[in-house]
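# Descriptive structure summary
In case you want the letters, here they are:
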Amino acid sequence: MNTTPKKRHGSSALSRAATSGFIWLFVQSFAARGIGFVSQLALARLLLPSDWGTIGLAFTVTQIANSLVSFGVDDVLLQRQKTIWAWMAPAFWVSFTFGMLGMFGMFAIAPFAAHWYHSSELVGLICSIAIATPLRALATVPSVKIRAEMDFKFLAVYNTFEIIALQTLTILFAWMGLGAYSFALPFPILGVVKAVYFWRRSPPTIFRRFQRVQVRYILGSSSIVFASRSLIEILNQGDYIILGLIATKDVVGLYFFAFRFSVQPVRMLAGNFNNVLFPALATLRSEPLKQAQAALKACRLLSYLVMPFCFMQAAMATPGLHFLFGERWMNAVPYVQILSIGLPFDAMSWITGSLLSARREFWRSFYFAAISVPLFFVLAYAGGRIDGAMGVALAVALYYFIYPPVTSILVLCRLEISFAAVMEVYLMPSILAGTAMLIAYACSLTPYVRDYDLVRVIVIGCVSLIAYTTMLAVFRPEIYVQLRDRFMGLVVKIKRKREIST
């Protein structure tokens, strides 16, 4: 008699926790976006394109090696939420061991990377970043505990602090004249801070006795996750690897600057959706249809948020960069525009990837990753051969426009979600966002507006926001209501907390 109400109550509580978590992390996203933007401006003035290019080449080594930090332990541990206490010790030692291996691996490969890219400075940069790898591993298990508790407020507050600290330290080191090292030195410092803070908040029991079978299970389950993550990291660095071989450091720096600028909305919004959604999806493992419907709903909301931000970014690139830097970074404008239009089509695949992990379909994720890497490299290499860095940018945008949506369609349609419902996630938001941006861009070219960069930026921002919101309310009223209600709920919560505090 009482089973159904309990289930409803549990489902409602889960929904409230996920919604609250998204709101906290969404606020953090906007804060981080503003902080990152200001930091990007400061660093663009303090550093040369060659400095950006050098650190971009160093990241081709360190980002791939850093996939060793958790070895997929976090995903496997989240699957054991009810008995997480029994798995913390083996998970910690596996994670820390591979963190140490990752550090020593980077030490060993640094000289070869310096020779490969003809840049001796890479040795010190790679080693500086490598020290942070085992330090980050120390925080893996406490972080999983916090995510399992759905304490997204804590994560949002800490992430905001870490972003501010990272950008502040980077700017400080750049002001001190440390060049590319400005990007590298903050990592080990913040690695120590995160380890200490997370252990104080949620200390794991690491000396509990555990069985070898647990280690074998973690390694067996994690190995395929690790392989998938490693392939994804190789893909993420593929364009820099190719540019490092065919272009100068200045060109790599322009592209690296443009990519960092363009990808921020995707990584912040999609990453926060992912952090909130994965624990929720894992709890719905016994209800596959609800699981798939929750993932589709998240994809739909994410798409209607990320598309306008990225398209607006593309429209603002020319007047915005010219207003801020004059002619210094104008050669990066085409890369910003191309990447800002292509990258948002990757956002929804982050959620379908989480859906596969929540369903423990790690092999399927691996197959998608294994296909993506050679496809990406072929496209990027062909683009580079045809038209250098511009060809690489076009190839990267083409890849994200095609392959991630295909994988999302395959994942969701297999779980009884209609093809039309999945396609709507991509088509309608991009049509509405693209139309709004074209209207805004055309308004910015009118007499008396086109002659002033700052005025153009303001016009593009205001007109695009009004046009997009209006079209959303007309053509997709249910999405408009959902987004409006969530933001209004956030405003009400903030007001209540202020009233309580006063």
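Moving on: the overall build of the protein chain. When you go through the protein chain residue by residue, the secondary structure sums to 20 helices and zero strands. Sorting the 502 residues of the protein chain into buried and exposed places 55% on the buried side. Partitioning the intrachain contacts of the protein chain with sequence separation of at least 6 by distance along the chain shows that 83% fall at a separation of at least 24. Surface accessibility of the protein chain: about 22,400 Å² in total, with carbon and sulfur atoms responsible for 68%.

The description of two aromatic rings rests on the distance between their centres and on the angle between their planes. As enumerated under the stated definition, the model contains 31 aromatic pairs in all. Pairing Phe 376 with Phe 377 gives two aromatic rings, centres 6.3 Å apart and planes at 75°, and the pair type is edge-to-face. For Phe 376, a relative accessible area of 2% corresponds to the buried category. Owing to a relative accessible area of 24%, Phe 377 belongs among the partly exposed residues under this scheme. Its end group placed over the ring of Phe 198, Lys 194 keeps NZ or CZ at 5.3 Å from the ring centre.

Before going further, it helps to examine a nonpolar patch on the surface. Where nonpolar side chains cluster on the molecular surface, the patch consists of Leu 46, Leu 172, Trp 175, Met 176 and Leu 178 and spans about 510 Å² of accessible area. When its relative accessible area of 31% is taken as the criterion, Leu 178 is described as partly exposed.

A packed helix pair is summarised by two numbers, namely the angle formed by the two axes and the spacing between the axes. Relative to each other, helix 7 (residues 140–148) and helix 10 (residues 186–201) sit at 45°, their axes nearing to 9 Å. The angle between helix 7 and helix 10 falls in the class oblique. Crossing of helix 7 over helix 10 shows left-handed handedness. Contact with helix 7, carried on its side by Pro 142, Ser 143 and Ile 146, involves Phe 198, Trp 199 and Arg 201 of helix 10 and no other residues of that element. When its residues are assigned to classes, the contact of helix 7 with helix 10 shows four nonpolar, one polar and one charged.

Of note, the phi angle at His 118 is positive, near 60°, even though the residue is not glycine. Assignment of secondary structure puts His 118 in the loop between helix 4 (84–116) and helix 5 (122–130). Of the residues examined, His 118 reaches a relative accessible area of 70% and is grouped as exposed.

A separate point is the packing of helix 15 (residues 333–342) against helix 17 (residues 362–413). At a minimum axis distance of 8 Å, the contact between helix 15 and helix 17 shows a crossing angle of 10°. By the angle between their axes, helix 15 is roughly parallel relative to helix 17. Between helix 15 and helix 17, the contacting residues are Pro 334, Tyr 335, Ile 338, Leu 339 and Gly 342 on the first element and Ala 389, Met 390, Ala 393, Leu 394, Val 396, Ala 397, Tyr 400 and Phe 401 on the second.

Core analysis: the biggest nonpolar cluster contains 116 residues, and Ile 55 and Tyr 255 have the highest contact counts within it. Among the elements that make up this core, the one with the highest residue count is helix 14 (residues 288–325) (19 residues). The contacts of Tyr 255, once residues within four sequence positions are left out, are Asp 239, Tyr 240, Leu 243, Tyr 335, Leu 339, Val 392, Ala 393 and Val 396. In this structure, Phe 98, Val 141, Val 144 and Ile 206 belong to the second largest nonpolar core, which totals 12 residues.

Before going further, it helps to examine the pattern of salt bridges. If you walk through the whole model with that rule in mind, you get six salt bridges. Across the salt bridge formed by Glu 424 and Arg 300, the nearest N and O atoms sit 3.4 Å from each other. Of this pair, Glu 424 sits in helix 18 (residues 419–444) while Arg 300 sits in helix 14; the two residues are 124 residues apart in sequence, bridging distant segments of the chain. The pair formed by Glu 424 and Arg 300 is uniform in burial state, with each residue classed as buried. Salt bridges sharing common partners tie together Arg 300, Glu 424, Arg 476 and Glu 478.

The rules behind each value
Residues numbered from 1 in each chain as written. Predicted model: local features only at pLDDT ≥ 70, side-chain atom pairs only at ≥ 80, totals over all residues. Heavy atoms only, no water. Helix = DSSP H or I, 4+ residues; strand = E, 2+ residues; numbered from the N terminus. Buried < 20%, exposed > 50% of the residue type's maximum accessible area, 1.4 Å probe, protein only. Contact = heavy atoms within 4.5 Å. Areas by Shrake-Rupley, 256 points an atom, 1.4 Å probe, with all protein chains shown as cover. Phe/Tyr/Trp six-rings, centres within 6.5 Å; stacked < 30°, edge-to-face > 60°. Lys NZ or Arg CZ within 6 Å of the ring centre and 35° of its normal. Patch = residues over 30% accessible without salt bridge, like charges linked within 9 Å, V, L, I, M, F, W, Y side chains within 5 Å. Salt bridge = Lys/Arg side-chain N within 4 Å of Asp/Glu carboxyl O. Axes fitted to C-alpha atoms, helices over the stretch in contact; angles between N-to-C directions. Parallel < 35°, antiparallel > 145°, perpendicular 65-115°, else oblique. Left-handed = near helix turned anticlockwise from the far one by under 90°. Nonpolar A, V, L, I, M, F, W, Y, C, P; charged D, E, K, R; others polar. Core = buried A, V, L, I, M, F, W, Y, C linked by side-chain atoms within 4.5 Å.

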